[in-house]
Amino acid sequence: MKSKIITAEEDLKKAFDIRIEVFVEEQGVPLEDELDEFDKLNGQCEHILVYFNEQPVGTGRIRLVDGFGKLERICILKPYRKFGLGKVIIKALEEIAEKDGVSKIKLHGQKHAEGFYNKLGYLTSSNVFMEDGIPHILMIKELSKQYV
């Protein structure tokens with residue numbers, strides 16, 4: 001299991017393929033909502049891929065929003081869930097934030113993943129709200145806090 005920051009269009013396409021399979025095909029998010037203006041290699045956000053047995057199977061991105069590092073588009077292909085890859089993605093994105101001098105992270109987590117994020121030090125900071133028909137919650141973490 002390893003992760004890498006995406007620096008080539010070919011790898012960005014692999015991340016899009018993973019996101020489309022998980023969010024669009026599996027969860028029913030409209031394609032026009034899934035891909036957006038931040039899906040470029042232009043420095044507005046950093047994208048990563050996570051690998052299992054040398055195959056890209058997960059992705060996520062981070063961008064600066066209102067002084068926070070905002071984690072977005074975190075997903076893993078269904079057959080590769082339960083191998084600890086979610087933690088690998090979060091850790092890699094947090095390392096990018098720290099490198100960029102960001103000390104607070106936020107994310108809109110799907111409600112069913114709240115416990116996962118809690119274990120990684122994220123605190124629930126909102127009531128449930130809907131995004132693309134899926135219940136979400138705002139979660140926040142100060143990077144000085146360690147994993148449980």
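For the structure itself, consult the block above.
The following refers to the structure shown. Given the structure is predicted, the values throughout are model-derived calculations rather than measurements. (Residues numbered from 1 in each chain as written. Predicted model: local features only at pLDDT ≥ 70, side-chain atom pairs only at ≥ 80, totals over all residues. Heavy atoms only, no water.)

**Examining the layout of surface pockets**
Okay, so step 1: In this structure, the largest pocket encloses a volume near 1,000 Å³.
Okay, so step 2: Surrounding the largest pocket, 34 residues form its lining, Phe23, Ile74, Cys75, Gln110 and Tyr117 being those nearest its centre.
Okay, so step 3: Mapped by element, the contributors of at least two residues to the lining of the largest pocket are helix 1 (9–26), helix 2 (31–34), strand 4 (68–76), helix 3 (85–99), strand 5 (104–110), helix 4 (114–119) and strand 8 (134–142).
Okay, so step 4: Considering every element that reaches the lining of the largest pocket, the biggest residue donor is strand 4, with 7 residues.
Okay, so step 5: Considered class by class, the residues forming the lining of the largest pocket number 15 nonpolar, 9 polar and 10 charged. (1 Å grid on protein atoms, 1.4 Å probe; cavity = no way out; pocket = protein on both sides within 12 Å on 5 of 7 lines; lining within 4 Å. Points joined across faces, edges and corners; volume = space filled by probe spheres on them. Helix = DSSP H or I, 4+ residues; strand = E, 2+ residues; numbered from the N terminus. Nonpolar A, V, L, I, M, F, W, Y, C, P; charged D, E, K, R; others polar.)

**Description of the pairing of strand 5**
Okay, so step 1: Among the 7 residues that make up strand 5, 5 are buried, leaving the element largely enclosed by the rest of the structure.
Okay, so step 2: By the bridge criterion, 3 bridges tie strand 4 to strand 5 in an arrangement that is parallel. In the sheet register, Lys70 faces strand 5, and the bridge partner there is Lys106.
Okay, so step 3: Between the parallel elements strand 4 and strand 5, the chain passes through helix 3 in a crossover that is right-handed.
Okay, so step 4: Direction of pairing for strand 5 relative to strand 8: antiparallel, over a ladder of 7 bridges. Pairing of Lys104 across the sheet is with Glu142, part of strand 8. (Buried < 20%, exposed > 50% of the residue type's maximum accessible area, 1.4 Å probe, protein only. Pairing = 2+ DSSP bridges. Right-handed = clockwise from strand over helix to strand, strands pointing away.)

**With respect to the environment of Leu143**
Okay, so step 1: Along the polypeptide, Leu143 turns up in the segment after strand 8.
Okay, so step 2: Leu143 sits in the buried class, given a relative accessible area of 8%.
Okay, so step 3: Linking Leu143 and His108, residues 35 residues apart in sequence, is a C-alpha distance of 17 Å.
Okay, so step 4: Excluding its chain neighbours within four sequence positions, the residues that come into contact with Leu143 are Glu94, Ala97, Glu98, Val102, Ser103 and Ile105. (Contact = heavy atoms within 4.5 Å.)

**Details of the packing of aromatic side chains**
Okay, so step 1: Overall, the coordinates contain 4 aromatic pairs when judged by the stated rule.
Okay, so step 2: Between the aromatic rings of Tyr117 and Tyr122, the centroid separation amounts to 6.0 Å while the plane-to-plane angle is 75 degrees, which identifies the pairing as edge-to-face. You'll find Tyr117 and Tyr122 in the same group, each marked buried.
Okay, so step 3: By way of ring pairs, the aromatic residues Phe52, Tyr80 and Phe83 are connected into one cluster.
Okay, so step 4: The lysine or arginine in question, Arg63, covers the ring of Phe38, its NZ or CZ lying 3.9 Å from the ring centre.
Okay, so step 5: The ring of Phe68 has Lys106 lying over it, and the distance from NZ or CZ to the ring centre is 5.3 Å. (Phe/Tyr/Trp six-rings, centres within 6.5 Å; stacked < 30°, edge-to-face > 60°. Lys NZ or Arg CZ within 6 Å of the ring centre and 35° of its normal.)

**Describing the nonpolar core**
Okay, so step 1: Core analysis: the biggest nonpolar cluster contains 38 residues, and Leu71, Leu93, Tyr117 and Tyr122 have the highest contact counts within it.
Okay, so step 2: Contributions of two or more residues to this core are made by helix 1, strand 2 (45–52), strand 3 (55–65), strand 4, helix 3, strand 5 and strand 8.
Okay, so step 3: The leading source of residues in this core is helix 3, at 7 residues. (Core = buried A, V, L, I, M, F, W, Y, C linked by side-chain atoms within 4.5 Å.)

It is worth stressing that arrangement in space is one thing and function is another; only the former is reported here.
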